[in-house]
Amino acid sequence: MFLQQEARFPIGVFDSGVGGLTVLQEVHRQLPNESVVYFGDTARLPYGKRSPAEIIEYVYEILHWMQSEQVKMAIMACNTSSALALDIVRKDFDLPILGLILPGARAAVGKGKRIGVIATTATVKSEAYVRAICESDPQAQVFQVDCPEFVPLIESDRINDPYTLQVAKDYLQPLVEANIDTLVLGCTHYPHLSGVLRQILPSHVALVNPASYVVRAASQELDLMGLRCLDNRSDRAETRFFVSGDPDRFAQVSRRWLGKSPLVEKVYLSPVELLS
Ligand SMILES: N[C@@H](CCC(=O)O)C(=O)O
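An unreviewed UniProt entry annotates the protein as Glutamate racemase originating from Phormidium tenue FACHB-1050. One UniProt comment on the protein, placed under Function (unreviewed entry), says "Provides the (R)-glutamate required for cell wall biosynthesis." If you open the UniProt record of the protein and go to Sequence similarities (unreviewed entry), you find "Belongs to the aspartate/glutamate racemases family."

Here it is in structure tokens:
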């Protein structure tokens, strides 16, 4: 099966932009020995506005490139890609590929019965969370809202802007009125807004960040496959950052989350011929 993989190889983590950093933080917390290749497809964000065909094409390109970087596992740190592309691309790669929807849905049903999901327009339209939640708990009720303004606001570093709070109030209002008890942050950018969301939601509403659950699943998978890196010398694990857009811009925006400006390289992804 996955014979060419070795424990010392990195884990690939990708998103359209800085959203995947919320997953990267969990990788650093739960899997501190692992090296990571992080890719942000910043030239083509937001993915949430893209068609399913475009998203699938981008994901193929990213995974082909990640394979050339010798990743031993790929984590789609992007709900939109997980919702639209995971089941399609998985069969075409000789490496474990993990997505956020199932771990997020399972975590949500463990917390409540009236489950709100906020996500990109593409994820909401796919109904991937509705299916996954209802399969895990047929009694659960799901209320979805797409929040197309969030990703551009986060990518332009406007988290604490009063306008962002107003937009968030408008998006959450129908969910508060529906009396949700649980809210799934169904886009990896949104945990960056947790503080803003908390100001609006009643305190009994549980927030579910699927990032911590997908990384837990990744950890189990690494053990199962004998691919966990056991070398715990702190200087060995490194995270390298790559983007398709402007590396300086990514370094500047991600600084808030990483505590320092990372070194970021630009990558030109090659088009992949898709068999239809
Ligand atoms: N991080 C996003 C992608 C957002 C976007 O580019 O629209 C997700 O989890 O869906």
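Our next topic: the nonpolar core. One recurring pattern in soluble globular proteins: nonpolar side chains tend to sit buried together. Residues Val 13, Val 23, Phe 39, Ile 118, Phe 150, Leu 183 and Leu 197 are the most contacted members of the largest nonpolar core, which totals 95 residues. Looking at which element gives the most residues to this core, the answer is helix α2 (residues 52-68), with nine residues. Apart from the residues within four sequence positions on either side, Phe 150 is in contact with Ile 118, Val 167, Ala 168, Tyr 171, Tyr 190, Leu 193 and Leu 197.

Close contacts around the ligand come from 13 residues, with Asp 15, Ser 16, Tyr 47, Asn 79 and Thr 80 the closest. At 2.8 Å, a backbone N or O of Gly 48 approaches an oxygen atom of the ligand. At 2.5 Å, a side-chain N or O of Thr 80 approaches an oxygen atom of the ligand. When the ligand sits alone it has 300 Å² of accessible area, and the protein chains cover 99% of it. Broken down by class, the residue content of the shell around the ligand amounts to five nonpolar, seven polar and one charged.

Here we take up the environment of Gly 40. Locating Gly 40 in the fold gives a position in strand β2 (residues 36-40). The spatial distance from the C-alpha of Gly 40 to the C-alpha of Gly 19 is 8.6 Å, given a sequence separation of 21 residues. Look past the residues within four positions of Gly 40 in its chain and what remains in contact with it is Asp 15, Ser 16, Gly 17, Phe 242, Val 243 and Ser 244.

Definitions and cut-offs
- Every residue gets a number counted from 1 within its own chain, in the order that chain's sequence is written.
- pLDDT decides what is reported in this predicted model: residues at 70 or higher carry local features, side-chain atom pairs at 80 or more are listed and counted, and totals for whole chains, interfaces and linings draw on all residues regardless.
- Processing note: side-chain calculations cover all non-hydrogen atoms of the structure and skip hydrogens and water entirely.
- UniProt positions are given in the numbering used here, feature names are shortened, and annotations may be inferred rather than shown by experiment.
- The set of buried Ala, Val, Leu, Ile, Met, Phe, Trp, Tyr and Cys residues whose side-chain atoms join them within 4.5 Å is what this entry labels a nonpolar core.
- Using a 1.4 Å probe on the protein chains alone, a residue whose accessible area is under 20% of its type maximum counts as buried, one over 50% counts as exposed, and one in between counts as partly exposed.
- A helix here means a DSSP run of H or I that spans at least four residues, while a strand means a run of E at least two residues long, and both kinds are numbered starting from the N terminus.
- Contacts are residue-level and defined by heavy atoms, with any inter-residue pair within 4.5 Å sufficient.
- Residue proximity to a molecule or strand is established when one non-hydrogen atom of the residue lies within 4 Å of it.
- Side-chain atoms alone can form a polar contact between residues adjacent in sequence; in general such a contact is a pair of N or O atoms within 3.5 Å, and within protein one must be able to donate a hydrogen while the other accepts it.
- Method for areas: the Shrake-Rupley scheme with a 1.4 Å probe, in which residue coverage is limited to the protein chains shown.
- Each residue receives one of three labels: charged for Asp, Glu, Lys and Arg, nonpolar for Ala, Val, Leu, Ile, Met, Phe, Trp, Tyr, Cys and Pro, and polar for the others, Gly being one of them.

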